[in-house]
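# Report on the structure
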Amino acid sequence: MFYKYRHRDSHLSLRMPVQCTWLKLNGSWPLPPSTATNGYKSNLNSSIFGIAYTAWAWYVIISVGVTICYQSAFLFKNLSDIIITTENCCTTFMGVLNFVRLLHLRLNQRKFRKLIEKFALEIWMPESLNNSIVAECRKRMNTFYIMTGLLSCLIIMYCVLPLIELFFTFGLDSHEKPFPYKMVFPYDPYSSWTRYVLTYMFTSYAGICVVTTLFAEDSIFGFFITYTCGQFRLLHENINKLFTEVKVNARGGDTWDYTQRVQLNRLKRIIDKHNKIIRFAQRLEDFFNPILLVNLMISSILICMVGFQIITGKNMFIGDYVKFIVYISSAISQLYVLCENGDALLKHSTFTANVLYGCQWESSEHCNHVYTVTSKQIQNHLRFMILCSQQPVKITAYKFSTLSLQSFTAILSTSMSYFTLLRSLYYDNK
């Protein structure tokens, strides 16, 4: 049903993180381009599946949007109460963030497919290589499994805790029953058990789509960044081997000229690979930067409001305390993982200039010979490549901010400022 992206070795298929399964379930995964090469029946089946899949994707987007509207109605109704407002803003803003993500993925399917195709052909390193760089890439992806676990616990608590309250606090005979989030409906969901159950299931699944899209898209983003950094490390290893000994055939001739031509060919392959990595990073930045901007803007507000709930909450159900602690842990870890990956790309890309400068181009073996056209070409290529490498390859939040550990600390500092202001307003009102 879904397109299998091939590595440059045609027998290898790209292995995506397991979290990407949720993007397929939520209707956000790009389908293969329609072709007529597989016969009429196959093409008809794929087109029917494509229409059904697109309809399901828009249903998910609409369900999340409707749930946000219900939450926003409750927010405006209780705008004068800081405690209720901040509690409701946590889930509402999280929904808005991932509503934007779902919409962005749906409207940019072709660009998303091209991005994955380029990654499969030029960046991904199969596990069959079995070297230290691939092992390090797999190890770095474990961070996203931890983040996935935290966010999964969070949505389970939001979906399950209201049911515990229903059985042990409200009672089954109560007219008003709890929902996963604070909402106001345009109809009476308590008029019958059928309405209540259907509304509960509808809003719960919308929340599941929100959280799963969050960790699935972050996982694929981290997957792309991790292997791009791995390609930079592989490039550095090839640069260090640039001027290693060249095996010369015993046919006579100018050995030095032959060695230089081999080294020039090596350098050209390195330059070609470097350009491909940079072009992929630019394509990656172009695709993800709008949602990264929304993510960074909302994250500072979310961290502030969840922290405010933990500090000022009184007579709160113990499950809610645990829920908010898991919430702030997952929000901070999600922000840190994104910024740390952006920082790693910055460091690996700029370190290329240092590796080029230290690749022993100045050794006596090369300096004691008369300059030739080939040696001048090698030096010119090295100069331009060093100059190019001094410009960092970076991921930005729509050009407003660069994804790095510095931006992570800046967001936390902004969150603390918002928290201090909110806390002072709360105690002044009291």
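Nothing here was measured: the structure is a model prediction, and the numbers come from that model.

## A word on unusual backbone geometry
In this model, Y398 sits at a positive phi of 55°, which is unusual for a non-glycine residue. Look at Y398 and you get partly exposed, because its relative accessible area is 45%.

## So, the pattern of salt bridges
Across all of its chains, the model carries 8 salt bridges by this definition. Across the pair R101 and E217 runs a salt bridge whose closest N-O atoms are separated by 3.3 Å. Highlighted residues: R101 in helix α3 (residues 82-107) and E217 in helix α7 (residues 193-240), separated in sequence by 116 residues. Across the pair, E217 and R101 agree in class, each one buried.

## Observations concerning empty space enclosed by the protein
Counted under the stated rule, the structure contains 3 cavities of 30 Å³ or more. Estimates place the volume of the largest cavity at around 180 Å³. In terms of lining residues, the largest cavity is bounded by 16 residues, among which T91, M94, Y181, G207 and V210 are the most central. Those elements that place two or more of their residues in the lining of the largest cavity are α2 (40-77), α3, α6 (142-170) and α7. In the lining of the largest cavity, the residues fall into 11 nonpolar, 5 polar and no charged. In this structure, the second largest cavity encloses a volume near 60 Å³. Lining the second largest cavity, in full, are M94, L97, L151, L214, N295, S299, L302, S330, A331 and Q334. When residues of the lining of the second largest cavity are traced back to their parent elements, those giving at least two are α3, α8 (255-312) and α9 (318-357). Here the residues of the lining of the second largest cavity are counted per class, giving 6 nonpolar, 4 polar and no charged.

## What about helix α5 (residues 132-140)?
Listing the buried residues of α5 in full gives I133, V134 and C137. For α5, the buried positions fall inside an angular range of 100° around the axis, keeping them on one side. The exposed residues of α5 that point more than 90 degrees off its buried face are S132 and K139. Close packing links the buried residues of α5 with α7.

## Concerning the confidence of the model for the chain
Here the chain averages 83 in pLDDT, while 87% of its residues score no lower than 70. Of all helices and strands in the chain, the one with the weakest mean pLDDT is helix α10 (residues 364-367) (48), whereas α7 scores best (91). Long-range and interchain partners of residues 35-39, a stretch whose pLDDT sits below 50, account for 2 contacts in this model, where long-range means more than four residues apart.

## Remarks on the nonpolar core
Counting residues in hydrophobic clusters, the biggest one holds 112 residues, and the most contacted among them are W29, F119, F224 and F288. Among the elements that line this core, the one with the most residues is α8, at 20 residues. C304, F419, L422 and Y426 belong to the second-largest nonpolar core, a separate cluster that totals 5 residues.

Procedures and definitions
- Residues numbered from 1 in each chain as written.
- Predicted model: local features only at pLDDT ≥ 70, side-chain atom pairs only at ≥ 80, totals over all residues.
- Heavy atoms only, no water.
- Buried < 20%, exposed > 50% of the residue type's maximum accessible area, 1.4 Å probe, protein only.
- Salt bridge = Lys/Arg side-chain N within 4 Å of Asp/Glu carboxyl O.
- Helix = DSSP H or I, 4+ residues; strand = E, 2+ residues; numbered from the N terminus.
- 1 Å grid on protein atoms, 1.4 Å probe; cavity = no way out; pocket = protein on both sides within 12 Å on 5 of 7 lines; lining within 4 Å.
- Points joined across faces, edges and corners; volume = space filled by probe spheres on them.
- Nonpolar A, V, L, I, M, F, W, Y, C, P; charged D, E, K, R; others polar.
- Arc of directions from axis to C-beta.
- Contact = heavy atoms within 4.5 Å.
- pLDDT = per-residue confidence, 0-100.
- Core = buried A, V, L, I, M, F, W, Y, C linked by side-chain atoms within 4.5 Å.

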